[in-house]
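Below, each chain spelled out in residue letters.
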Amino acid sequence: MRFGNNDDDRDEDLFDNERTEPQKPPVEKKPEYKPEDPDYWEQEESEWDHLKRRSRIPFWVWILCGLAVVGLVVGCWIRYFSPYVEDATQYGYVESIEKRGMVFKTYEGTLIPYKELMDTTRIYNRDFVFSVADNKTAAILKEALYKAKPIRVGYKKYYATVPWRGASKIVVVSADTVNPDLILPPEFAPQRK
């Protein structure tokens with residue numbers, strides 16, 4: 001009978017033999033304390049801890065975040081606060097000027113340019129739509145509107161609008177009335193009697 005044979009128990013079992021190599025005793029690990037444990041502050045510092053290499057990832061993350069913030073600030077400055085046209089001039093008649101806005105009240109206006117009025121070969125293109133930078137300039141524009149006087153405006157043009165500057169990308173910064181005799185060509189100048 002094969003399964004009842006006890007002769008197998010006398011043979012050496014290769015898996016149960018003890019090896020001749022000496023086994024190392026297990027190394028006792030020091031417990032790792034967290035700063036919340038009171039023993040954390042009482043444990044001895046290793047003299048080699050200061051030589052361990054620290055991870056440089058946070059340093060590069062801070063640099064990349066700083067560059068991203070600087071890029072956003074520069075991009076916003078160029079888009080919203082830096083004019084791409086300065087010291088530009090337009091001549092014409094003020095068609096309308098009004099104070100608009102829900103939170104930020106700004107003066108918005110329309111100017112009919114001289115070159116559009118006097119050009120008979122082309123179809124009328126567009127009005128000069130603008131916002132006004134300050135109340136003094138808006139008062140000059142209103143006076144020119146009521147008296148139907150020609151006016152010269154100095155303006156700046158921005159890439160985008162911001163609510164406190166007005167609803168237009170064109171912002172009028174100066175205005176003064178002009179003599180129509182000096183602006184218009186002689187054939188279009190008003191005749192004085």
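So, how was this worked out
Residues numbered from 1 in each chain as written. Predicted model: local features only at pLDDT ≥ 70, side-chain atom pairs only at ≥ 80, totals over all residues. Heavy atoms only, no water. Helix = DSSP H or I, 4+ residues; strand = E, 2+ residues; numbered from the N terminus. Buried < 20%, exposed > 50% of the residue type's maximum accessible area, 1.4 Å probe, protein only. Contact = heavy atoms within 4.5 Å. Areas by Shrake-Rupley, 256 points an atom, 1.4 Å probe, with all protein chains shown as cover. Salt bridge = Lys/Arg side-chain N within 4 Å of Asp/Glu carboxyl O. Core = buried A, V, L, I, M, F, W, Y, C linked by side-chain atoms within 4.5 Å. Pairing = 2+ DSSP bridges. Axes fitted to C-alpha atoms, helices over the stretch in contact; angles between N-to-C directions. Patch = residues over 30% accessible without salt bridge, like charges linked within 9 Å, V, L, I, M, F, W, Y side chains within 5 Å. Lys, Arg positive; Asp, Glu negative; His and termini not counted.

Some remarks on the overall build of the protein
Helices and strands together make up the secondary structure of the protein, namely four helices and five strands. The linear arrangement of helices and strands in the protein, starting from the amino end, is α-β-β-α-β-α-β-β-α. Across the 193 residues in the protein, those meeting the buried criterion constitute 22%. The contacts in the protein between residues at least 6 apart in sequence include a share of 54% that link residues at least 24 apart. Entry remark: accessible area of the protein is about 16600 Å², with carbon and sulfur atoms responsible for 55%.

Let's talk about the pattern of salt bridges
Evaluation of the coordinates by the stated rule reveals three salt bridges. Close ionic contact of R100 with E98 constitutes a salt bridge, the shortest N to O distance being 2.7 Å. Here E98 falls in the partly exposed class, since its relative accessible area comes to 37%. Residues K147 and E143 are paired through a salt bridge, measuring 3.3 Å at the closest nitrogen-oxygen approach. With K147 and E143 both in helix 3 (residues 135-147) and four residues apart, this pair spans about one turn of that helix.

Some words on the nonpolar core
A general tendency of soluble globular proteins is for nonpolar side chains to be buried together. Ranked by internal contacts, the top residues of the largest apolar core, which has 17 residues, are F128, F130, L141, I151 and V153. Setting aside its immediate chain neighbours within four residues, F128 contacts Q90, G109, T110, L111, P113, V153, Y155, I170 and V172.

Quick look at the pairing of strand 3 (residues 128-132)
Of all five residues in strand 3, four are buried, a share of seventy percent or more. In terms of strand pairing, strand 2 (residues 106-113) meets strand 3 through four bridges, oriented antiparallel. Bridge assignment links T110 to a residue of strand 3, and that residue is V129. Judged from the two bridges that link them, strand 3 and strand 5 (residues 170-177) form a sheet pairing that is parallel. Along strand 5, the bridge assignment pairs V132 with V172.

A few points about the environment of V171
The topology assignment puts V171 in strand 5. Residue V171 is classed as buried on the basis of its relative accessible area of 5%. A sequence separation of 18 residues divides V171 from V153, and the C-alpha atoms of the two residues are 9.9 Å apart. Filtering out sequence-adjacent residues up to four positions away, V171 remains in contact with S131, V132, A133, G154, Y155, K156, Y158 and R165.

Re the sheet that holds strand 1 (residues 85-100)
Spatially, five strands are ordered 1-2-3-5-4 in a closed barrel, and the strand pairing comes out mixed. The mean inter-strand angle of the sheet, taken between neighbouring strand axes irrespective of direction, is 55°. Sheet strands in contact with helix 3 are strand 1, strand 2, strand 3, strand 4 (150-157) and strand 5, and its direction is about 70° off that of strand 1.

Some points on a nonpolar patch on the surface
A surface patch of nonpolar side chains, amounting to about 1200 Å² of accessible area, comprises V70, V74, W77, I78, F81, Y84, M102, V103, F104, Y159 and W164. Mapped onto the secondary structure, W77 falls in helix 1 (residues 57-81). Among the residues examined, W77 registers a relative accessible area of 53% and is labelled exposed.

Notes on the side chain of E108
The residue E108 is located in strand 2 in this model. The buried charged residue E108 lacks any salt bridge partner; its closest oppositely charged side chain belongs to R100, at an N-O distance of 4.9 Å.

Describing the pairing of strand 1
On a regular strand, each side chain points to the face opposite its neighbour's, so the side chains alternate between the two faces of the sheet. Alignment of strand 1 against strand 4, held across seven bridges, turns out to be antiparallel. What sits directly across from Q90, in strand 4, is V153. Judged from the eight bridges that link them, strand 1 and strand 2 form a sheet pairing that is antiparallel. In the strand pairing of strand 2, S96 is matched with T110. Where strand 1 hands over to strand 2, the hairpin turn is made up of five residues, of which G101 adopts a positive phi near 125°.

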